[in-house]
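Geometric and topological summary
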Amino acid sequence: MERLRHDDPPRLGPYLTLARLDADSADGAVPERRYLARTADGERTVLLCAPLPETAAPAAWAMEAELASRLSVPRFLRPASQGSEAGLPWYAVPYTPVLPLPAALAAHGGPLPEDLVLRLGAALAAGLAAAHARGQAHAGVSPAAVLIGAAGPLLGCFGAVRSAAPEGPPGLDPGCLAPELRSGGRPEPLGDVFALGGVLAYAASGHTVPEQSELPPGLRQLVASCLARDPADRPSAPQVLHALSTTGPARTPAPAAAPAATVLDEQAPPPLPGRVVAAFAAQSAGLLASELPAARPARPAPQKVH
């Protein structure tokens, strides 16, 4: 959680903005603005999202938010309310402590443990597989779009590619943009798989386009296949899910027809490193200590002593 800047809106709809979710160092790597915000009565705290100022199609961004609110897909961030303030669209979801994947790596002090990367990747692949089965591409997968919480990862920034300006999607890591999208192609499920490969690489190495030697041996082949330039050479999301569910030093192969369901069990989310858990606690404590802008008392006028 970061301080607000002078160009941040003081409120959007019924919500007063308290802090930024993303660090200043993340500028250029996040396709939307994300705030921690609260209603004026202090009753509701939310994660509040709005398009970047340079986004040329705020109406398209709002349409993507509306579509996301109607999708019931595991691991997709689902807007609970949305609106517009002075022409700026926004959407909100109830607040739970979350860290964008880059912030989780920063809190941990480097790349995440291999087994955690496998579990997070499997959860994301399951969500993408469910969306793809409905003919829907996420079109916004990137490290910043992955929000790590105590119950597992969520995918935000839905439709960032579809709602982007003609010159290209702002805030999307180039390493997660499939070649066919760079050339103006339409977002498709296999473009999501390419982006997921970049996210796996980032979580395991700190880079979306790492050298093979920077990746754990158990991830090298899968990441390389996800990042294939030709979509026809990439695996599907269900195939990625199966590979992640049966890979790693602590895993034994599972039958092809029965992927490891425990990876996706909401009651048994992936264990997180202590420093990441501490960052959740610090975020929650900072948010609880935040004063509502409208509630800050004015300083009393100095009294003259006679």
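Residues numbered from 1 in each chain as written. Predicted model: local features only at pLDDT ≥ 70, side-chain atom pairs only at ≥ 80, totals over all residues. Heavy atoms only, no water.

Points about the environment of L124
Applicable threshold: A run of H or I in DSSP counts as a helix once it spans at least four residues, and a run of E counts as a strand once it spans at least two, with each numbered from the N terminus. Whether two residues touch is decided by their heavy atoms; if any such pair falls within 4.5 Å, the residues are in contact.
Tracing the backbone shows L124 in helix α3 (residues 114–133). Counting along the chain gives 48 residues from L124 to F76, while the straight-line C-alpha distance between them is 8.6 Å. Apart from residues lying up to four places away in sequence, L124 is in contact with V146, P153, L155, L196 and V199.

Some points on the confidence of the model for the chain
Applied cut-off: The predictor attaches a confidence to each residue, called pLDDT, with possible values from 0 through 100.
Looking at the chain as a whole, the pLDDT averages 87, with 85% of positions reaching at least 70. For the chain, per-element mean pLDDT is lowest for helix α8 (residues 274–289), which scores 91, and highest for helix α5 (residues 189–205), which scores 98. Below a pLDDT of 50 lies the segment residues 250–267, which in the model reaches 25 contacts outside its immediate sequence neighbourhood of four places, other chains included. In this model residues 295–299 is a low-confidence stretch, pLDDT under 50, and it forms one contact with partners more than four residues away in sequence or in other chains.

Brief notes about the pairing of strand β2 (residues 15–20)
Put simply, the rule is: The buried label goes to any residue with under 20% of its type's maximum accessible area, the exposed label to any with over 50%, and the partly exposed label to all in between, with areas taken from a 1.4 Å probe on protein chains only. When DSSP finds two or more bridges between a pair of strands, those strands are recorded as paired.
For β2, a buried count of six out of six residues is recorded, marking the element as mostly surrounded by other parts of the structure. Sheet topology places strand β1 (residues 11–12) next to β2; two bridges connect them, and they run antiparallel. Opposite R11, over in β2, you have L16 as the bridge partner. In this structure, the hairpin formed by β1 and β2 is closed by a connection of two residues, where G13 is found at a positive phi of approximately 60°. The pairing of β2 with strand β3 (residues 32–39) spans five bridges and is classified as antiparallel.

Digging into the sheet that holds strand β8 (residues 146–149)
Sheet strands pair via backbone hydrogen bonds, and the direction of the pair is either parallel or antiparallel. Rule in force here: Axis definition: a line fitted to C-alpha atoms, limited for helices to the stretch in contact. Angles are taken between N-to-C directions and run from 0 to 180 degrees.
Strands sit in the order β7-β8-β9 across an open sheet of three strands; the sheet is antiparallel. A strand with exactly one partner marks an edge of an open sheet, and here the two such strands are β7 (98–100) and β9 (152–155). For this sheet, the mean inter-axis angle between neighbouring strands, taken without regard to orientation, is 30°. Across four bridges, β8 lies against β9 in antiparallel orientation. Looking at β9, one finds that I148 is bridged to P153. Each of β7 and β8 touches helix α2 (residues 101–108); the most contacted strand, β7, lies at about 95° to it.

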